[in-house]
Amino acid sequence: MTFCLKNARHLDAPVDLLVRDGRIVTMTPAGHHAAPDGCPVVDAAGLLLMPSFTDAHVHLREPGFEYKEDIASGLEAAARGGFGSVMCMANTRPVNDNAGITRAMLDRARETHPHGPRLCPIAAATVGLKGEAMAPLGELRDAGCVAVSNDGRPMPGTELLRRVMEYAADLGLIFIDHCEDATLAPGWVMNEGVVSGELGVKGQPPVGEAMQVARDIMLAEYLNLPVHIAHVSCALAVDVLRWGKARGVQVTAETCPHYLWLDDTALRGYNTAAKVSPPLRTPADREALRRALGDGTIDILSTDHAPHAQHEKEQPLDAAPCGFTGLDLAVSLTWGLVRDNVINEADMRRLWGAAPARIFNLPCNNFEPGDPADFFLFDPAEDWVVSRDTLYSKSINTPFLGQTLHGRVKHHWIGGVQLF
Ligand code: DOR
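In what follows, the accompanying structure is described. Starting afresh in each chain, residues are numbered from 1 along the sequence in its written order. Side-chain atom pairs in this predicted model are given and counted only at pLDDT of 80 or more, local residue features only at pLDDT of at least 70, and totals for whole chains, interfaces and linings cover all residues. Processing note: side-chain calculations cover all non-hydrogen atoms of the structure and skip hydrogens and water entirely.

### Things to note about helix α11 (residues 330-339)
Buried means the residue's accessible area, taken with a 1.4 Å probe over protein chains only, is under 20% of the maximum for its type, while exposed means over 50%, and partly exposed covers the values in between. A helix here means a DSSP run of H or I that spans at least four residues, while a strand means a run of E at least two residues long, and both kinds are numbered starting from the N terminus. The buried fraction of α11 is high, at nine of ten residues. Taken as a whole, α11 has its buried residues at Ala330, Val331, Ser332, Leu333, Thr334, Trp335, Gly336, Leu337 and Val338. Just downstream of α11 lies Asn341, where phi reads positive at about 60 degrees.

Shown next, in the form of C-alpha cells:
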C-alpha cells in the first residue's frame, strides 16, 4: 500500500511524505516530486505533521479496574491523542508481576487495536508491588515488558532498590522511580504550604520527593547504572536533578502537563478534581519545571494518565483517589506551551517523541527512509472544549474539564494504517 501526504507543515517547512508498506519512503519539500501515478493523495495543507508520540507513564486499569478504563478505551484515547506507544504501569489487579499478566495485556491490545497504538507494559519491581520480594524480572522482560517500576508505591528499602536496579540493568531495562518518602507525610492530601494551611488538610512537603531523587542519583552513580525519575513535581527535585546531571550520572526525568499548567491553588474549595500524586505544588514550582523543560533538565513529558470513576472523585478530599486522565488532551496542552513560548515545536517533538523512544529503546519515526510510518496530523487552528463528548477515555477525571484548548490531533497513522 502506497500513499502520499501533501503540503503538511514540518517544523515550519511545507513537506510531502511518501509512504509504502508501512514505512517512510521519502519526506521532501512540498511539490518537489510528483506523486507516483495512481498513488492516493492526502492533502494536509494547514496541518502540522508530527511523529507518533510515546507516553512513558499511563495507567490502563485492565485487568481489575475496568470500570475506570480498559485496554480498549485506553488505547483509543492514546490513538486519538497522538500516541503510538504507551507504557502502562503495573498497578492493575492482579498486579503485572508475572509473565501471564503481561501476555494477557498484550493479547488484549492486539485484539482491540491490531494496528496500534503499541502497548508497552512496565514490569512491577516487586511481587504485588508490596516492596518485599523482587518480581521475576527476567520472565517479565521476555514476555514483553519494556521497563521496571514499583509504580506509585515507593520502594521501602534501599538494598532492594539497589538489587532491582542491578537486575533491571542486566536485563537491558530501566528502573523508573516514583520518588516519595512514604514515612514523611502519611495520609497527605495535597502539597504542604499556604493552601493546605488555609484548607486545614494534611500536606506533603516537596522535600520528600527531592530526597528520594537524590538517593536514586547517588545510587545510580555508585552502581554506574541508569535510573528514570517519574513525574517530577517540584523545584527542589529539579535542582537535585541538575546537580546529578552535572556529575554525569545516567539520570533521566519526566514531568507531566498538569505540573506545567496548574498549582496547589486548584485545590481550593476542596476540589478533588485537582488531587494527584505527587501533588500539584506552588506557582514557583510550576515555573521551575517550565524552565527545566527548556534547559534539558527534564528529558521527557508523560501524562501519568490515571483514570478514576466519577463516584470515586466525588468523595471528600481526603478520601478521593489521586490522579488525572491525560492521554486525549496532553498534546493540546503541550501545544499551549508552544503558543506561550515556554518551549518550541522542536522541543515538543523531542519531549514526547525522540527522547522517550531513546530512553526506553522503543521504535521512533524520524521521517528518515525506512522509518515506521507512525505519524499524526495536528490542526493548530482548532479550538475545542474538554468534555465527555470530546474525550475517549472511559473516565473524565481531568482538572481541565470545561476548558477550551487550542490545537487538536486530526488524523493518525501507525505502520502506515490510518486509525482515524
Ligand atoms: O495520581 C496518581 N495516580 N499518581 C500515581 O502515582 C498513581 C496514579 C493511579 O494509579 O491512580
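Now, onward.
### Points about the packing of helix α4 (residues 158-170) against helix α6 (residues 207-223)
Direction vectors running N to C along α4 and α6 enclose 50 degrees, while the axes themselves pass 11 Å from each other. Relative to α6, the element α4 is oriented oblique. Crossing hand, α4 versus α6: right-handed. Facing Thr158, Leu161, Arg162, Met165 and Glu166 of α4, the residues of α6 in contact are Arg215, Asp216, Leu219, Ala220, Tyr222 and Leu223. Basically, the charged four are Asp, Glu, Lys and Arg, the nonpolar ten are Ala, Val, Leu, Ile, Met, Phe, Trp, Tyr, Cys and Pro, and anything else, Gly included, counts as polar. Residues that form the contact of α4 with α6 fall into these classes: six nonpolar, one polar and four charged. Comment: axis = line fitted to C-alpha atoms, over the contacting stretch for helices; angle = value between 0 and 180 degrees taken between N-to-C directions. Put simply, angles under 35 degrees are roughly parallel, angles over 145 are roughly antiparallel, angles from 65 to 115 are roughly perpendicular, and the rest are oblique. By definition, any crossing whose near helix is turned counterclockwise from its far helix by less than a right angle is left-handed, and any crossing with a clockwise turn is right-handed. Throughout, a contact is declared for two residues whenever any of their heavy atoms are within 4.5 Å.

### Focus on the site of the ligand
Around the ligand lies a shell of 13 residues, among which Arg61, Asn91, Ser277, His308 and Cys322 are the nearest. Note that an oxygen atom of the ligand is positioned 3.4 Å from one of the side-chain N or O atoms of His59. Measuring from an oxygen atom of the ligand, one finds a side-chain N or O atom of His308 at 3.0 Å. Residue burial considers only the protein chains on display, and all accessible areas are found by Shrake-Rupley using a 1.4 Å probe. In the complex, 91% of the free accessible area of the ligand, which totals 290 Å², lies under the protein chains. Lining residues are those with an atom within 4 Å of a point, where the points come from a 1 Å grid over the protein atoms alone and group into cavities, where a 1.4 Å probe fits but cannot get out, or pockets, open sets with protein on both sides within 12 Å along at least five of seven lines. Put plainly, a molecule is in a cavity or pocket when over half of its atoms are within 2 Å of the grid points there. When atom positions are compared with the pocket grids, the ligand is found to occupy the largest pocket. Among the residues making up the shell around the ligand, the classes are represented as three nonpolar, eight polar and two charged. One heavy atom suffices: a residue is near a molecule or strand as soon as one of its heavy atoms comes within 4 Å of it. Think of a polar contact as two N or O atoms within 3.5 Å of one another; within protein, one of them needs to be a possible hydrogen donor and the other a possible acceptor, and neighboring residues in sequence only count if both atoms come from side chains.

### Examining the sheet that holds strand β14 (residues 251-255)
For two strands to be treated as a pair, DSSP must find at least two bridges joining them. The sheet built from eight strands is open, its strands ordered β6-β7-β8-β9-β10-β13-β14-β15 with parallel pairing. The open sheet terminates on both sides in strands that have one partner only, identified here as β6 (53-58) and β15 (300-301). Sheet topology places β14 next to β15; two bridges connect them, and they run parallel. Paired with Thr255 across the two strands is Leu301, which belongs to β15. Across the face of the sheet, helix α12 (residues 345-360) comes into contact with β6, β7 (83-88), β9 (147-149), β10 (174-177), β13 (227-229), β14 and β15 while running at roughly 70 degrees to β6.

### Some words on the pairing of β10
Alternating positions in β10 separate into two faces, Ile174 and Ile176 on one and Phe175 and Asp177 on the other, with burial throughout. As paired elements, β9 and β10 share three bridges and run parallel to each other. Looking across to β10, one finds that Val148 is bridged to Phe175. Consider the strands pointing away from the viewer: the crossover is right-handed when the path from the first strand over the helix to the second runs clockwise. Tracing the backbone out of β9, into α4 and back to the parallel element β10 gives a crossover that is right-handed.

### Quick notes on a nonpolar patch on the surface
A cluster of nonpolar side chains, Leu184, Val207, Met211 and Leu236, forms an exposed patch at the surface whose accessible area comes to about 300 Å². With respect to the helices, strands and loops of the structure, Met211 is situated in helix α6. Exposure above 30% relative accessible area and the absence of a salt bridge qualify a residue for a patch, where like charges join within 9 Å and nonpolar side chains (Val, Leu, Ile, Met, Phe, Trp, Tyr) within 5 Å. The salt bridge definition used is simple: a Lys or Arg side-chain nitrogen within 4 Å of an Asp or Glu carboxyl oxygen.

### Side note on the packing of helix α7 (residues 235-246) against helix α9 (residues 283-294)
The contact between α7 and α9 brings their axes to 8 Å, and the two run at 30 degrees. In terms of their interaxial angle, α7 and α9 are classed as roughly parallel. Contact residues: α7 offers Ala235, Val238 and Arg242, while α9 offers Asp285, Ala288, Leu289 and Ala292. Split into classes, the residues belonging to the contact of α7 with α9 amount to five nonpolar, no polar and two charged.

### So, the packing of aromatic side chains
Ring pairs shown here join Phe, Tyr and Trp side chains whose ring centres sit within 6.5 Å, with only the six-membered ring taken for Trp; geometry is labelled stacked below 30 degrees between planes, edge-to-face above 60, and tilted in between. Scanning the entire structure with this criterion turns up seven aromatic pairs. Residues Phe3 and Phe375 carry aromatic rings whose centres are separated by 6.5 Å and whose planes lie at 45 degrees to one another, so their mutual orientation is tilted. Placement of Phe3 in strand β1 (residues 2-10) and of Phe375 in strand β16 (residues 375-385) is noted, with a sequence separation of 372 residues between them. The same class applies to Phe3 as to Phe375, namely buried. Here a set of aromatic residues connected by ring pairs shows up, and it is made of Phe3, Phe367, Phe375 and Trp413. For a Lys NZ or an Arg CZ to count as sitting over a ring, it must be within 6 Å of the ring centre and within 35 degrees of the ring normal. Sitting over the face of the ring of Phe420, Arg80 holds its NZ or CZ atom 4.2 Å from the ring centroid. Here the guanidinium or amino end of Arg290 rests over the ring plane of Trp261, the centre of that ring lying 4.8 Å away.

### Thoughts on the environment of Ala210
By the element assignment, Ala210 lies in helix α6. Each C-alpha atom, one on Ala210 and one on Gly353, is 26 Å from the other, the two residues being 143 residues apart in sequence. Beyond its immediate chain neighbours, meaning those up to four positions away, Ala210 contacts Leu236, Ala237 and Val240.

### Thoughts on the side chain of Lys313
As for its position among the elements, Lys313 is in helix α10 (residues 310-313). In this tally, Asp and Glu contribute negative charge and Lys and Arg positive charge; neither His nor the terminal groups of the chain are included. Despite its burial, Lys313 pairs with no opposite charge, the nearest such side chain being Glu312 at 8.9 Å. At 2.9 Å, the side chain of Lys313 and the backbone oxygen of Pro321 are in polar contact. Ignoring any residue separated from it by four or fewer positions in sequence, one finds Lys313 in contact with Thr272, Lys275, His308, Ala320, Pro321, Cys322, Gly323 and Asn397.

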